[in-house]
Structures are given as structure tokens and as C-alpha cells.
Amino acid sequence: MNHEKTMTIARKRGFLWSSFEIYSGVAGFVDYGPLGATLKNKIMSRWREYYVVREGFYEIESPTIMPEEALKASGHVDHFNDPMTQCKECMDVYRADHIIEDATGRDVEGLENQELTEIISSEGIRCPRCGGHLTHVWSYNLMFQTLIGAKGKKTGYLRPETAQGIFIPFKRLLRFFRNRLPFGVVQLGKSYRNEISPRQGVIRLREFTQAEAEIFVHPEDKTHPDFESVRDDVLRLYPASSQEEGLEPFEITAGEALERGIISSEVLTYHLCLARRFLMDIGVPEEALRFRQHLPTEMAHYAIDCWDVEALTDAYGWIEIIGIADRTDYDLKSHAEHSGEDLRVFIEYDEPRKIRKRVVKAEMGRLGPRFRKDAARIVEALAEKDPEEIEEALMKEGKYLLELDREFEILPDDVTFQEVEETITGEKVYPHVIEPSFGIDRIIYTLLLHSCVEEEDRTYFRLPPHVAPVEVTVLPLVNRDEMVDVAVKIKRDLRKNGFIAEFDSSGTIGRRYARSDEIGVPFAVTVDHQTLEDGTVTLRRRDDCSQIRVGIDDLKSTLMDLIRGC
Ligand SMILES: Nc1ncnc2c1ncn2[C@@H]1O[C@H](COP(=O)(O)OP(=O)(O)OP(=O)(O)O)[C@@H](O)[C@H]1O
């Protein structure tokens, strides 16, 4: 369906509104109206059902404001930038890569600012609004900065992604999962990015909702215990090589994509399949989806493999709605380095292993008299050090400086080096992280766009019953008191039993059906003359307008099967 028509209905019927409208609005913010908020909650509940209930991951909730140190460690303070340019005449700002892509059709993601500046100049690209000249390109950090505390001495940022809130308490999470890999943790919530020119409505917001899973796996074991259940799923893939050669996406089973090495690991392939299943479950048609692999120029240097789930839109072409990446050990390693905490996991071997290693032995007879009360801790610290480092310093410099709370000078005769055999039971490793990162707002946009159906005499959202914001409308055939009373009672009874039911008695029955259809209500119950005689009602399906008669007493169980059975 077409963007304009879908958005008109979405606005009119209370799904999505521009925020702060009475104050002229602010780009990049959106209000979910009553139906939009219910739809969003249902989609998020469904997501939880997939990832928390079925996959067995656990959900956590961390603050949306984060201290600078944490985002410095994650790389966001220094690198979470977009290339920006400004019109010298009207002062409007633009994302340089987007403006070039729009003007030339070239994909320039990953190019340096200098290269972008040169393209703008050589292609004669001007301000799309007023035709003015554009400035050189510079890096603009996307995070919203704030000050923490009454004296405002500590710099903080609104989180640009929910993921970091999972990496930071990793040690506690590891203990919660009894020090065993693999395990998965999810977080759903708001993220904030001060996007340069959010002109694309709900798909480029400054405040948006993410649902992210961080799955911690052994770096040498990227299998998935349930891979067989998705092996035959068919994925539409657009690998980097096909993009580079100008080829089209193609369909392939998950099993074959893995065997041919198109997707780097079993666990990553499994998560591509799971994302596809989830999207189809909530009503996004398969034809509107493809999996596009990141090109080497756009992939983060630390990642092994990244795939964007993209959805087709008439207004914006293919848009990324989910990113699924193998982020290796990058995040945990950098948080470990910046915080000084050991964020590795001890992996026990199946069988203990014997190893030979070189150790340093301190000569207490020499160190004792010289360092007295400090001698014991010096001996302990030396045993922890890398013997090669000490040996090299002693050979080259004639001394080794041991840094504790102060410096201690160790001389060649203070230590000896020995080869010993040791039995070790395991080793410490940084887990690798598989990250499916869902943008809930873009998914809702895609769902509304693709479920909006225009037929001869009606336009409606064909939302699956389990995600439709209103599940059933109860209507009296005509506005006679007896029928209205029964209809109101049925609606109340359905609400008490957990159904989202509405009552509608305004206009003709045709208008009521049309209104109910338009917002995607999958079922309508009509109280008519026969109801008053035999206690049955008509149950009408939105999609094909077919009707069946059901006893009022059976209505709940029938609806339960129809809605929850999906
Ligand atoms: N400004 C935004 N508005 C709405 N959703 C967003 C926005 N930025 C990211 N998302 C959503 O969060 C998901 C994961 O975030 P990620 O950091 O991978 O996005 P991204 O690659 O930076 O997106 P883009 O390249 O479109 O800016 C995206 O797939 C998208 O659905």
C-alpha cells in the first residue's frame, strides 16, 4: 500500500501522530495514539514471547541516561558520528552521505569526510531546499548530551542503543547464569539519537524503541542446538558479493546458506530465521523482506558478519528494520579495558590438561632483608607477572621495575626462572556476542504499510488477530434498546475475560463495519433480531466478510480459538 494513504488512516484513527503538534511539532518525535500504543505493546509482547519465553533469554532494564565513561568505552563518544553538511545560504543541515545518495544514486557509506566533500563539489551538489552552496563535511556526534546531578559536574548521554546496558553488568549476568555459556539477555526500551535531518517520519526518529538481544557464546562454538528446526526455512539473501557484482537477491534455505558459507555461523543463521519467523508471525508479508549483508565498507571493523533485515517501502525504497550481527568480543573487551574489570568467562575443559610453563621464583633470602615488610607482597606480585617480560628487562636494562603502589627495583640475582609442569582445568575467554537488534518503530511502520488493504468499497488494516489493537467490535444491528443492552453486556463480558472489545452504535451497520475494518478489528459481533429470540449472534470476519452464528455462551471460547490460536 501507499505511504500517504496508510499514514492518513494511521493519523486519523489514532495510531501515529506527530508529537507536540499544538506547538508546531518537532521533527523526529512521534506519539503513539490509543491504537498505536496498543499495537506496539502487543508487538513487544509477541517479541518477548519469541525471545524470552521460547528462546529462554532473560530481560533486564537499565537506565536510559548513561555516564560518559561507559559510552567512551563503547566507542560512542568518539565514533558515533554521521557526516554533516550545511547550506551556506539557508543554513539547513543535511546528512552528507544521504544528500549525495539522493543526488547521484551512489552508495557512499563508509567514505571519509574529505572524500564526501570532494564528491559534493565535483558533482555540483547543492542544497535541495534553496539551491545554495554546501559547506565542507564534518563529523557530528549523534548522542544527546546532558549533565548529571544538581551541580551538573558529570557528563551523561541519553543511550543511543539498549545494548550497552547489557554489556556493563556482564559480570553480574554471568553469575546469574551460573558462569556458563551460552546465554542470552534482552532489553526493550527507548534509545535516542539526535539525527541530523529526520525527514523520514517514523523511520528516522530522535527517540525510538529498540528490542535487542545479546547472545553470549563461546568464541569457538557458534552452533545452535535448535538449528534443525530452521534448516529448511527459506531466506531471501542479498550477500555482499551479489551487491558488489550488481546481482539480485536470491532465495536459499538456511541449511544451504550455512553450508555454502554465505552466512558465517549456525547461530547467526538461526537468528536470521528467527527474525523472519517473528516478522511473518506479526503480519509482515515475506515478499516485502530481504536480508542484506553489510558490505566490507559499512561493516564495523570488529564484526565478523552483519545482516540487515530490510523491508520494501514505496516512499523510501528498502529500509533497514533489524540489524543482526556477530560483534565478536569487541564490547566486552573494551569495557574490560576501560573499567579494569575482568569480563572473561572461565571455560572448564572436558579433561584437565597438562602444560609446561616458565615461572619466576623470587629469592626470599635477598628480597626479605632489602624490602622487609613489603617483601611478601613483592614475591606474590612477581609470581603473577609474565616471566618473559621480567627476563627481558633484566637482560636489557639490568633491572626490572615492579609497579605496585610504588616502584620496587628487582635485580638479576633476586629471581630465578624455572620450567614447571602444571595441570590446568580450563581457560578464561571473552565470549563472542550475537546481536539481533530490532527497531520496533520501523517494524510497526512496515506492518501498517503492508497490511493496509484497499478494496473496492473499503480500506483496512489486515492485521493478524493476535496483534490487532482492538480484537472484537460488538454492534447492535439497529439502535433498539433491547439490542443495545445485550451488545453492551457482551462487550463488558468480553472485556472482563481479557478481550479488547469495543462497542459501536453510531451510524448505519455498514458504516460500523467499515469503521471496525479500517482499524483492523478482525472480528465483529452483531446482535440482531434472532439474538433476542435464541441467544445467538453473528460473528463476522474482517478479511472475507464471512459470517457464522454463535451462541452468546460459546462466544468467548470461539474468539479465544480464533485470536489466541494464531
Ligand atoms: N533514528 C532511528 N529511528 C527509528 N529507528 C531506528 C533509528 N536508528 C536505528 N533504528 C532502529 O534500530 C535498529 C538497530 O539500530 P542500528 O544501530 O543497527 O541502526 P543503524 O544501522 O544506525 O540505522 P540507520 O543506518 O538507518 O541509521 C535499526 O535496524 C532500526 O530499526
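Residues numbered from 1 in each chain as written. Predicted model: local features only at pLDDT ≥ 70, side-chain atom pairs only at ≥ 80, totals over all residues. Heavy atoms only, no water.

Helix and strand content of the protein: 20 helices and 28 strands. Reported as C-alpha extents along the three principal axes, the dimensions of the protein are approximately 105 × 65 × 55 Å. Evaluated residue by residue, the protein yields a buried proportion of 49% over its 566 residues. For the protein, restricting intrachain contacts to residue pairs at least 6 apart in sequence, the fraction spanning at least 24 positions comes to 67%. (Helix = DSSP H or I, 4+ residues; strand = E, 2+ residues; numbered from the N terminus. Buried < 20%, exposed > 50% of the residue type's maximum accessible area, 1.4 Å probe, protein only. Contact = heavy atoms within 4.5 Å.)

Looking now at the domain arrangement of the protein. Structurally, the protein comprises domain 1 (3-80 + 142-330 + 434-442), domain 2 (82-141), domain 3 (349-429) and domain 4 (461-564). Put simply, the middle of domain 1 and the middle of domain 3, counted by C-alpha atoms, are 47 Å apart. (Domains from an automatic or database assignment.)

We now examine helix α14 (residues 375-384). Along α14, the residues classified as buried are A375, I378, A381 and L382. Viewed end-on, α14 has its buried residues packed into an arc of 125°, placing them on one side of the element. Among the exposed residues of α14, those oriented more than 90 degrees off its buried face are E380, A383 and E384. The secondary structure elements touched by the buried residues of α14 are β17 (345-362), α13 (364-371), α15 (387-397), β18 (400-403), β19 (407-410) and β20 (415-429). (Arc of directions from axis to C-beta.)

This paragraph deals with the UniProt feature "binding site: substrate" (unreviewed entry) in the protein. Feature annotation in UniProt assigns "binding site: substrate" (unreviewed entry) to the following positions: R95, E161, F208, T209, Q210, A211, E212, E435, P436, S437, F438 and G439. For this annotated set, covering 345 residues, the C-alpha atoms extend up to 26.5 Å from each other, a dispersed arrangement in space. Take R95: its relative accessible area is 12%, and that puts it in the buried class. Those residues in contact with R95 that lie beyond four places of it in its chain are D82, P83, E195, I196, S197 and R204. A polar atom in the side chain of R95 sits 3.2 Å from the side chain of D82. (UniProt positions renumbered as here; feature names shortened; annotations may be inferred. Polar contact = N/O pair within 3.5 Å; in protein donor to acceptor, adjacent residues only side chain to side chain.)

Moving on: the nonpolar core. Membership of the largest hydrophobic core comes to 71 residues, with the highest contact counts inside it found for Y51 and L237. For this core, the element with the most residues is helix α11 (residues 266-281), which contributes 9 residues. A domain split of this core shows at least three residues from each of domain 1 (3-80 + 142-330 + 434-442) and domain 4 (461-564). With near-sequence residues (within four places) excluded, L237 lies in contact with P249, F250, I252, A257, I262, I263, L272, F291 and W307. Ranked by size, the runner-up nonpolar core spans 20 residues in total, among them I166, L181, V345 and I347. (Core = buried A, V, L, I, M, F, W, Y, C linked by side-chain atoms within 4.5 Å.)

Another point: a nonpolar patch on the surface. A surface patch of nonpolar side chains, about 500 Å² in accessible area, is lined by F20, I22, Y23 and V26. Under the relative-accessibility criterion, Y23 is labelled exposed at 66%. (Patch = residues over 30% accessible without salt bridge, like charges linked within 9 Å, V, L, I, M, F, W, Y side chains within 5 Å. Areas by Shrake-Rupley, 256 points an atom, 1.4 Å probe, with all protein chains shown as cover. Salt bridge = Lys/Arg side-chain N within 4 Å of Asp/Glu carboxyl O.)

Moving on to unusual backbone geometry. Geometrically, the link from L181 to P182 is a cis peptide bond, its omega value of -5° lying close to zero. In this fold, P182 is placed in the loop between α8 (170-176) and β10 (183-192). Positive phi values are uncommon outside glycine, yet F20 reaches one of about 55°. With respect to the helices and strands, the residue F20 is situated in the loop between β1 (16-18) and β2 (30-32). For F20, a relative accessible area of 46% corresponds to the partly exposed category. Here C545, not a glycine, exhibits a phi torsion of approximately 60°, which is positive.

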